[in-house]
Amino acid sequence: MPERDAILAGLRAVLPGGRPPVPDFAVVEEKRWDPGERAARLRRGMAAVKAEFIEAGPEDWPRAVAAFVLGEGLPSLLYGPDTTEGRALAAAWPALGPRLVPYDRPVETFKQELFEGIAAGFTTTLGGIAETGGLLLAPGPFEPRLLSLVPPVHIALLRADRIFDTLLQAFRELGWNKVLPANALVISGPSKTADIEQTLAYGVHGPRRLIVVLVS
Amino acid sequence: MAAEPAAPNGLEVDFLASSARALADPQLRRNFRRAMDGLMAKRAAVFPDPSEWTRLRALGGAIRAKNLLKLPDLLERLEKNLTKNGITVHWASTTAQANQVVLELLEARGVKALVKGKSMVSEEMGLNHFLGAHGVESLESDLGEYIIQLDGEMPSHIIMPAIHKNKDQIARTFSEKIRNAKYTEEVDELTAMARAVLRQKFFEAGAGLSGVNFAVADTGTLCLVENEGNGRMSTHVPPLHIALMGLEKVVERLDEVAPLYSLLTRSATGQAISTYLNLISGPRSGGERDGPREVHLVILDNGRSRIFQDPELRATLACIRCGACMNHCPVYTRIGGHAYEAVYPGPIGSILTPQQEGAGLWHELPHASSLCGACAEVCPVGIPIPHLLIRLRREAGHRVPGSTVLGAGSARSRLEDLAWSVWGWVLGHPAAYRLASWCATRCWRLLPSRAPVLEAWTRSRHKPRMAGASLQERLRRSGVPDA
Amino acid sequence: MATRAGSRPLREVYFYATCLVDLFFPDAGMAGIELLRAAGVRVIFPEGQTCCGQPAFNCGYWEQARAVARGQLALFPRDLPVVLPSGSCAGMMKVHFPELFHGQPEEARALALSGRVFELTQFLVDQLDLKLEDLGQPVRVTLHASCHAMRDQGVLDQPRALLRQLRNVELVPLARELECCGFGGVFAVRDPALSAAMAADKAEDARASGAELVLSTDGGCLMNIGGTLEKQGFGPATMHIAQFLRERTHGR
């Protein structure tokens with residue numbers, strides 16, 4: 001390909017001299033918090049950008065999610081049925097009340113409903129980030145990408161013992177340095193903008209609300 | 001002086017005129033002063049610890065410098081791994097080629113409407129205009145970009161494109177340009193209007209376009225940083241995703257992205273973290289139920305490989321497009337982005353644009369600076385902007401042997417050459433200086449305030465007063481301390 | 001009266017006037033020399049001083065800048081501190097001489113000089129730990145922090161530290177004190193509208209500070225701010241900090 005070769009040849013025309021600098025990651029690697037502190041830090045960081053928190057135990061979180069959806073008057077919740085958590089959610093879901101909708105087919109088959117007829121979406125997470133707040137997600141076949149994006153409310157399950165100190169640590173411990181899924185994601189709060197006179201507005205294109213179900 | 005040079009977008013480059021217009025606009029000055037003060041305060045609040053800042057910035061600078069030294073190898077590795085991940089890579093030397101690549105991708109798939117996430121590279125390309133001329137609608141989805149697109153304007157800031165606009169201006173634009181929109185200045189209502197329009201576009205568009213904040217060579221990953229969600233919408237909903245990237249954005253490893261990302265969000269808008277960090281390593285893959293069927297990356301050169309040739313000026317390519325330099329620039333604060341008449345304004349624009357488009361053509365930009373150094377002080381990757389401004393001033397007016405700068409020497413001024421030669425001679429000969437300073441201290445009152453050069457000073461200042469005798473003269477008279 | 005902390009052998013320094021002080025603020029230059037002498041320092045004022053070359057360097061005329069700077073480099077043969085009543089000229093010698101002479105025969109000498117260049121207040125505080133006693137009447141002053149002094153030479157706290165020692169001097173803050181006054185050397189006449197806009201804001205901030213006097217380490221900033229205030233017809237006076245310190249501790 002002529003452009004490619006021309007560009008690379010242009011870049012190789014000069015051989016940069018000198019020893020390359022060695023980046024020192026210590027300033028980030030030093031950031032450590034006690035396990036007990038991590039959840040508190042994450043909550044502070046995310047609450048500051050309007051994420052909301054529900055606390056629950058490892059057995060009762062599905063009921064907590066159902067109660068939240070019902071209590072907020074949300075008529076539907078989209079979820080990934082083929083995960084352990086999805087099955088637990090479905091098992092605890094009340095027969096009457098909000099619809100629990102499985103995202104179990106290609107988006108093309110129900111795009112209209114996804115965009116207009118779904119009030120909330122539920123996903124698991126791979127963990128969180130203590131330093132700044134933030135949730136780590138790896139959308140995939142079982143929890144599609146749009147699940148945490150299109151519905152106006154996103155409910156995310158976070159286990160308090162899976163909070164990393166920093167994004168750097170998360171990248172390393174999740175093995176993302178070597179291999180990443182086709183889509184990986186960090187989410188810190190509901191969608192926002194300050195483009196109109198630097199005034200914050202929420203729910204621009206992504207979800208208007210992010211509810212973190214913190215399980216410990 | 002040569003005839004007014006024309007900028008590539010057809011406008012004539014006359015910075016003195018455009019900056020004078022901006023300076024005379026009280027609303028523009030108020031808007032930018034308020035906005036820049038706010039951004040500076042936000043940034044200061046998230047870098048409270050000087051030691052952390054120094055070390056983090058050293059890390060950022062080292063990562064960028066190290067990666068730039070390996071740039072061609074990293075680009076090849078990136079291409080290999082992106083391809084392995086199912087992402088198709090295209091290379092474009094010029095913006096015309098890049099536009100052609102995008103158009104062909106769209107036409108081959110019958111796409112008539114494209115939805116755009118934010119991409120400064122697409123502004124370099126003039127992509128919207130190009131696609132429009134070929135019958136393809138290219139709609140901005142970033143709220144700030146959407147606003148200025150409705151008004152047919154260029155961005156005035158690389159992070160906050162509509163920063164020059166008031167609420168009432170935006171309210172008027174929306175009520176005039178959006179179908180069935182009422183007039184409101186409520187930010188939430190304006191945002192909801194834009195959301196509704198763009199949600200429909202995300203739904204319908206045949207393709208989505210994005211920029212790339214960082215591309216990771218080792219894993220074949222495109223990293224996108226955003227707050228609104230329009231980037232994820234543009235890259236996950238339509239069946240085709242096209243990403244545009246300047247060739248300098250590649251980093252070697254994913255863990256290098258972590259500190260760069262932290263530096264970016266904090267430097268740009270004073271956020272510890274953005275709403276979304278979107279890491280794309282492939283199209284819809286292996287059983288996924290959504291995501292684009294195809295992902296393409298266009299790698300654009302547009303003068304970058306030439307900038308790369310100069311070991312000092314190469315630092316220009318370390319830029320991570322945070323905008324902190326312009327937020328802290330006393331010149332940018334007073335004139336805003338449009339006055340630069342370039343895609344990239346402010347300090348980074350003043351070093352990038354001359355190198356991309358011609359040092360002579362754009363010689364006014366490197367001079368639009370008092371060299372105060374506020375930009376370099378906040379640059380998260382340590383670009384020595386004032387020094388590069390001086391380099392480009394030199395390149396504009398001189399043919400330096402071995403120079404690789406585009407348009408070097410093409411803004412040479414014989415008059416200025418003469419002035420500095422005289423200056424150099426007088427100040428290079430102490431006896432001449434002594435004579436000249438004796439004359440000056442005796443005769444300065446005779447020099448009229450309207451004299452050339454002095455006139456520019458006395459327009460707004462009292463004529464400077466020389467002493468009756470120079471310090472050297474006094475010391476010589478009273479006996480110079482023995483050496 | 002100024003005293004020297006502790007007892008040390010007599011120090012010697014070179015004093016470099018800088019062209020702006022030489023021609024426009026010689027009283028400040030004299031004051032700087034006298035402050036040093038009163039602190040027990042032997043001041044050597046070499047003959048043949050002209051200019052550090054910064055204006056030509058900044059405009060990209062490096063051959064001319066080198067021609068001038070080369071001659072100035074030769075004025076400081078002994079390994080003594082070089083003290084300047086200007087942060088930007090000190091910065092030129094410290095930071096930019098090595099750049100200007102990179103790859104040139106004078107490079108080693110420029111690098112050696114770079115390690116011993118000081119702005120005056122920097123020398124008085126960091127090297128001499130100077131103690132000052134205030135003999136003047138109460139006065140309210142503010143300090144303009146010159147950009148090149150701050151960013152090239154690292155001078156910010158030292159002028160403040162000296163002023164804080166003077167008990168009848170009230171140092172009030174200047175709004176946006178880290179923002180450039182718009183002088184920038186040739187910038188002031190090349191981009192006069194921009195420079196004037198920056199100077200006008202600085203003059204306004206000076207008035208708003210309530211200070212009677214605006215002080216600076218740098219003559220260029222003083223000419224710019226002072227000249228603007230004077231043309232506008234109202235506002236504080238301006239003075240070089242060396243002259244102010246000398247007057248406060250010695251009387252006129």
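As a convention, each chain's residues are numbered from 1 in the sequence order in which they are written. In the order they appear in the text, chains get letters beginning with A and ligands get numbers beginning with 1. Totals for whole chains, interfaces and linings use every residue, but because this is a predicted model, local features are given only for residues with pLDDT of at least 70 and side-chain atom pairs only at 80 or more, for both listing and counting.

Within chain B, the regular secondary structure consists of 23 helices and ten strands. Relative to the compact-globule value of 23 Å for 483 residues, chain B shows a C-alpha radius of gyration of 26 Å, a close match. Each principal axis of the C-alpha atoms in chain B carries an extent, and together these give about 90 × 55 × 50 Å. With C-beta atoms placed from the backbone, a residue counts as buried when 20 or more other C-beta atoms lie within 10 Å of its own, as exposed when 12 or fewer do, and as partly exposed for counts between those limits. Out of the 483 residues in chain B, the part that is buried amounts to 58%. The contacts in chain B between residues at least 6 apart in sequence include a share of 73% that link residues at least 24 apart. Numbering of helices and strands runs from the N terminus, with a helix taken as a DSSP run of H or I at least four residues long and a strand as a DSSP run of E at least two residues long. All radius of gyration figures rest on C-alpha atoms, and the globule criterion is 2.2 Å times the number of residues raised to 0.38. Contact definition: two residues whose C-beta atoms, as placed from backbone geometry, lie within 7 Å.

Reported domain spans reflect what an automatic or database domain assignment gives. Domain boundaries assigned for chain B yield domain 1 (33-68 + 322-412), domain 2 (70-302) and domain 3 (426-478). For domain 1 of chain B versus domain 3 of chain B, the distance between C-alpha centres works out to 34 Å.

Another aspect to go through is the nonpolar core. Val212 and Val213 of chain A, Val298 and Ile299 of chain B together with Val82 and Val83 of chain C are the most contacted members of the largest nonpolar core, which totals 299 residues. With sequence-adjacent residues up to four places away left out, Val213 of chain A is seen in contact with Ile54, Ala56, Trp61, Ala64, Val65, Ile155, Ala156, Leu157 and Leu158 of chain A. The term nonpolar core refers to a set of buried Ala, Val, Leu, Ile, Met, Phe, Trp, Tyr and Cys residues connected through C-beta atoms within 7 Å.

Attention shifts here to the sheet that holds strand S4 (residues 207-210) of chain B. Residues and elements named next belong to chain B. A pair of strands counts as paired when DSSP detects no fewer than two bridges linking them. Reading across from one edge, S1-S10-S7-S4-S2-S3 is the order of the six strands in this open sheet, with parallel pairing throughout. Two strands bound the open sheet, and with one partner strand each, they are strand S1 (87-92) and strand S3 (137-140). Across the sheet, the mean angle from the axis of one strand to that of its neighbour is 25°, orientation sign disregarded. Fitting a line to C-alpha atoms yields each axis, with helices limited to the stretch in contact; the angle taken between N-to-C directions then spans 0 to 180 degrees. Together, S1 and strand S10 (294-300) form the strand contacts of helix H4 (residues 71-84), whose direction differs from that of S1 by roughly 145°.

Another aspect to go through is the packing of helix H1 (residues 15-23) of chain B against helix H11 (residues 192-208) of chain C. The relative placement of two packed helices comes down to the angle between their axes together with the axis-to-axis distance. In contact at an axis separation of 9 Å, H1 of chain B and H11 of chain C are set at 30° when each is read in the N-to-C sense. Compared by their axis directions, H1 of chain B and H11 of chain C come out roughly parallel. Of the residues in H11 of chain C, those touching H1 of chain B at Ser19, Ala20 and Leu23 of chain B are Ala193, Leu194 and Ala197 of chain C. Within the contact of H1 of chain B with H11 of chain C, the residues separate by chemical class into five nonpolar, one polar and no charged. Should an angle fall under 35 degrees it is called roughly parallel, over 145 degrees roughly antiparallel, and 65 to 115 degrees roughly perpendicular, with every other angle called oblique. Note on residue classes: Ala, Val, Leu, Ile, Met, Phe, Trp, Tyr, Cys and Pro are nonpolar, Asp, Glu, Lys and Arg are charged, and everything else, Gly too, is polar.

Contact with chain B, which involves 77 residues of that partner, is made by 66 residues of chain A. Looking at the side of chain B that touches chain A element by element, the count peaks at nine residues for helix H3 (residues 50-69) of chain B. Across five bridges, strand S9 (residues 183-187) of chain A lies against strand S9 (residues 276-280) of chain B in antiparallel orientation. Bridging from a neighbouring strand, Ala184 of chain A pairs with Leu279 of chain B of S9 of chain B.

Further remarks concern the interface of chain C and chain B. The parts lose accessible area when they come together, and the size of an interface is often stated as this lost area. Each partner contributes to the interface: chain C provides 52 residues, whereas chain B provides 49 residues. Broken down by element, the side of chain C that touches chain B gets its largest block of residues, seven residues, from H11 of chain C. Looking at the side of chain C that touches chain B, its residues break down into 31 nonpolar, 13 polar and eight charged.

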